[in-house]
Amino acid sequence: EAGVTQSPTHLIKTRGQQATLRCSPISGHTSVYWYQQALGLGLQFLLWYDEGEERNRGNFPPRFSGRQFPNYSSELNVNALELEDSALYLCASSLVENTEAFFGQGTRLTVV
Amino acid sequence: DAKTTQPPSMDCAEGRAANLPCNHSTISGNEYVYWYRQIHSQGPQYIIHGLKNNETNEMASLIITEDRKSSTLILPHATLRDTAVYYCIVSHNGGATNKLIFGTGTLLAVQP
């Protein structure tokens, strides 16, 4: 069974540009979560999507947004990139809330 | 959510048991204790969770004190591949992924 897959693995953008990160959950999982992990810091919860709807978001500005498609895959969009947005972005999926979550390998975003 | 306290780092000899402590003195009655680990630059991996009773699975054992104010994750026979950052998390809602607050964890270094 394929795990959570994220693309691209690495992404380099210039300050002010937009970045789009993609996540494919495990087959059958309807919930997708996004986390940001800046270098040397813990994982910070970004967004939670379930059944195509945004269910919850962490303490991040509106330029962090996303969506979930009918096939439950998800995109994370970061507009007006800032240097501080450089981080590992992790996606996780689960069947429903309150069940074990499986994480992908992440997308390393570098803003220069 | 209750906060946890973990030592920043620990060493363990290969083949020996690794015992990782976690203090969660303000845990409330309906909060679970979850353990995840993150191998360098990879997504976190779920290990085990518990509420009151000790738990064991193919990866590890979780020992929770009777007063639930602390717990210990035990890797019975540590290997080099167990070198990772281990996160102890307490969470309401059965560990709903969007409620997981990852701290800085314990860096376990398994030595040959």
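Residues numbered from 1 in each chain as written. Chains lettered and ligands numbered in written order. Predicted model: local features only at pLDDT ≥ 70, side-chain atom pairs only at ≥ 80, totals over all residues. Heavy atoms only, no water.

Student: Explain the sheet that holds strand E5 (residues 55–56) of chain B residue by residue, including any values.
Tutor: Residues and elements named next belong to chain B. Ordered in space as E2-E7-E6-E5, the four strands form an open sheet in which the pairing is antiparallel. A single partner strand is all that each edge strand has here, and the edge strands are strand E2 (18–23) and E5. Both E2 and strand E7 (residues 70–75) contribute to a ladder of six bridges, which runs antiparallel. Across the sheet, residue Pro 21 finds its bridge partner in E7, namely Thr 72. (Pairing = 2+ DSSP bridges. Helix = DSSP H or I, 4+ residues; strand = E, 2+ residues; numbered from the N terminus.)

Student: Give me the interface of chain B and chain A: which residues, what numbers.
Tutor: Reports of interface size often rely on the accessible area that becomes lost once the parts have come together. If you look at the interface, chain B gives 17 residues, while chain A gives 19 residues. Summing the contributions of chain B and of chain A, the shared interface buries around 1500 Å²; its carbon and sulfur component is 50%. Of all residues in chain B, B:Thr97, B:Asn98 and B:Phe102 give up the largest surface area on contact with chain A, accounting jointly for 38% of the area buried on that side. In this structure, the connection of chain B to chain A is made through zero salt bridges. (Contact = heavy atoms within 4.5 Å. Buried area = accessible area lost by both parts, 1.4 Å probe. Salt bridge = Lys/Arg side-chain N within 4 Å of Asp/Glu carboxyl O.)

Student: Outline the layout of surface pockets, listing residues and values.
Tutor: Considered as a void within the structure, the largest pocket measures approximately 400 Å³ in volume. Lining the largest pocket are 19 residues; nearest its centre among them are A:Gln37, A:Gly40, B:Gln38, B:His40 and B:Val85. At three residues, the largest contribution of residues to the lining of the largest pocket is made by strand E8 (residues 84–91) of chain B. Partitioned by chemical class, the residues of the lining of the largest pocket number nine nonpolar, nine polar and one charged. (1 Å grid on protein atoms, 1.4 Å probe; cavity = no way out; pocket = protein on both sides within 12 Å on 5 of 7 lines; lining within 4 Å. Points joined across faces, edges and corners; volume = space filled by probe spheres on them. Nonpolar A, V, L, I, M, F, W, Y, C, P; charged D, E, K, R; others polar.)

Student: Account for the environment of A:Leu109, with residues named and values stated.
Tutor: Note on placement: A:Leu109 falls in strand E11 (residues 107–111). In this structure A:Leu109 touches A:Leu11, A:Lys13, A:Ala19, A:Leu81, A:Asp85, A:Ser86, A:Ala87 and A:Tyr89, once residues within four positions along its chain are discounted.

Student: Account for the sheet that holds strand E4 (residues 45–50) of chain B, naming residues and giving values.
Tutor: Strand pairing in a sheet takes place through backbone hydrogen bonds and is either antiparallel or parallel in direction. Residues and elements named next belong to chain B. Spatially, the five strands line up as an open sheet ordered E1-E9-E8-E3-E4, and their pairing is mixed. The open sheet terminates on both sides in strands that have one partner only, identified here as strand E1 (9–13) and E4. Each strand axis lies, on average, 25 degrees off the axis of its neighbour in the sheet, ignoring direction. Bridging between E1 and strand E9 (residues 106–111) involves five bridges; their strand directions are parallel. Each residue of the ladder has a partner; that of Cys 12, found in E9, is Val 110. (Axes fitted to C-alpha atoms, helices over the stretch in contact; angles between N-to-C directions.)

Student: Residues and numbers for the nonpolar core, please.
Tutor: A:Leu21, A:Trp34, A:Leu46, A:Leu76, A:Tyr89 and A:Leu109 are the most contacted members of the largest nonpolar core, which has 22 residues in total. Beyond its immediate stretch of four places on either side in the chain, A:Leu21 contacts A:Ser7, A:Leu11, A:Trp34, A:Ser74, A:Glu75, A:Leu76, A:Tyr89 and A:Thr107. (Core = buried A, V, L, I, M, F, W, Y, C linked by side-chain atoms within 4.5 Å. Buried < 20%, exposed > 50% of the residue type's maximum accessible area, 1.4 Å probe, protein only.)

Student: Tell me about the pairing of strand E5 (residues 44–50) of chain A, and please be specific about residues and values.
Tutor: Residues and elements named next belong to chain A. With respect to burial, E5 is a largely interior element, six of its seven residues being buried. In terms of strand pairing, strand E4 (residues 31–37) meets E5 through six bridges, oriented antiparallel. Considered in E5, the bridge of Val 32 is made with Tyr 49. A loop of six residues connects E4 with E5, the two strands running antiparallel in sequence, and Gly 40 in this loop sits at a positive phi of about 80 degrees. Across four bridges, E5 lies against strand E6 (residues 53–57) in antiparallel orientation. By the bridge assignment, Trp 48 is partnered in E6 with Asn 56. What sits between E5 and E6 in their antiparallel hairpin is a turn of two residues, with Glu 51 showing a positive phi close to 50 degrees.

Student: Which residues make up the state of the cysteines, and what values go with them?
Tutor: Applying the stated criterion across every chain, the model contains two disulfides over all chains. Between the sulfur of A:Cys23 and that of A:Cys91 lies a disulfide, 1.8 Å long from S to S. Here the disulfide of A:Cys23 and A:Cys91 is left-handed, its torsion about the S-S bond being about -60 degrees. With A:Cys23 in strand E3 (residues 19–24) and A:Cys91 in strand E9 (residues 87–94), the pair connects residues that are 68 residues apart, well separated along the chain. As far as burial versus exposure is concerned, A:Cys23 and A:Cys91 are alike and both buried. Here B:Cys22 engages in a disulfide with B:Cys88; their sulfurs sit 2.1 Å apart. Negative torsions about the S-S bond denote left-handed disulfides, and the value of about -80 degrees found for B:Cys22 with B:Cys88 makes this one left-handed. Here B:Cys88 lies in strand E8 and B:Cys22 lies in strand E2, a separation of 66 residues in the sequence. (Disulfide = S-S within 2.5 Å.)

By themselves, these are just geometric observations and shouldn't be taken as functional.
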